[in-house]
Amino acid sequence: MDKRQAVGSWLSGPRAAMEEAGADFGYRGEQLGLPEDGPGSIARPGRRLGALAVDWGLCVLIAYGLITDGYGQATSNWALLIFFVTSALTVGSVGFTPGKRLFGLRVIALETGTVNPPRALLRTVLLCLGLPALIWDRDGRGLHDRMARTVEVRI
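Colleague: Requested: an account of the overall build of the protein chain, with residues and values cited.
Modeller: Counting its secondary structure elements, the protein chain contains eight helices and two strands. Out of the 155 residues in the protein chain, the part that is buried amounts to 34%. Sequence-distant contacts, at least 24 apart, represent 60% of the contacts inside the protein chain between residues at least 6 apart. As displayed, the protein chain has an accessible area near 9,200 Å², and 64% of this comes from carbon and sulfur atoms.

Colleague: I'd like to hear about the side chain of threonine 150, residue by residue, with values.
Modeller: Position of threonine 150 among the secondary structure elements: in strand β2 (residues 150-154). Classification of threonine 150 as buried rests on a relative accessible area of 0%. Residues in contact with threonine 150, not counting those within four places in the same chain, are Val107, Ile108, Ala109, Val115, Arg119, Arg123, Arg141 and Asp145.

Colleague: Would you mind going over the pairing of strand β1 (residues 105-109) in detail, with residue names and values included?
Modeller: Counting buried positions over the five residues of β1 gives four, a clear majority of the element. Sheet analysis places β1 next to β2, joined by five bridges and oriented antiparallel. When the sheet's bridge partners are listed, arginine 106 is paired in β2 with valine 153.

What counts, and where the lines are drawn
- Residues numbered from 1 in each chain as written.
- Predicted model: local features only at pLDDT ≥ 70, side-chain atom pairs only at ≥ 80, totals over all residues.
- Heavy atoms only, no water.
- Helix = DSSP H or I, 4+ residues; strand = E, 2+ residues; numbered from the N terminus.
- Buried < 20%, exposed > 50% of the residue type's maximum accessible area, 1.4 Å probe, protein only.
- Contact = heavy atoms within 4.5 Å.
- Areas by Shrake-Rupley, 256 points an atom, 1.4 Å probe, with all protein chains shown as cover.
- Pairing = 2+ DSSP bridges.

As structure tokens, then:
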């Protein structure tokens, strides 16, 4: 093995090195019984981050304009509370937030296809903590989705 190839496999990560060695991981969502692309497939990280940015921006605007009348530490705290409430209510009732709807995403439960309010509440609590959302599995689901047994799919 060439030194450049060894360094390149280290930089690209263990998945790329295993695929180069001949391992077949399949596509994202294959183990969950979801299609590879199109409606019902697992949402890509770019769409998920875009939806999160839209939702967070709306919450900051609401906190800035209606509650704190200016930007400060209180605005961020109120924005987090507004994000928590809107996310728990909208995901628990219709399956998506305004940002998710704008980006064509929906949160579903793996067993039933709909998210009940307690499951949405658990997912939202873990999402607001931040760290569980940064830990992903090979299907691209965050730890908050795994613990709530949900998945974010394309509409």
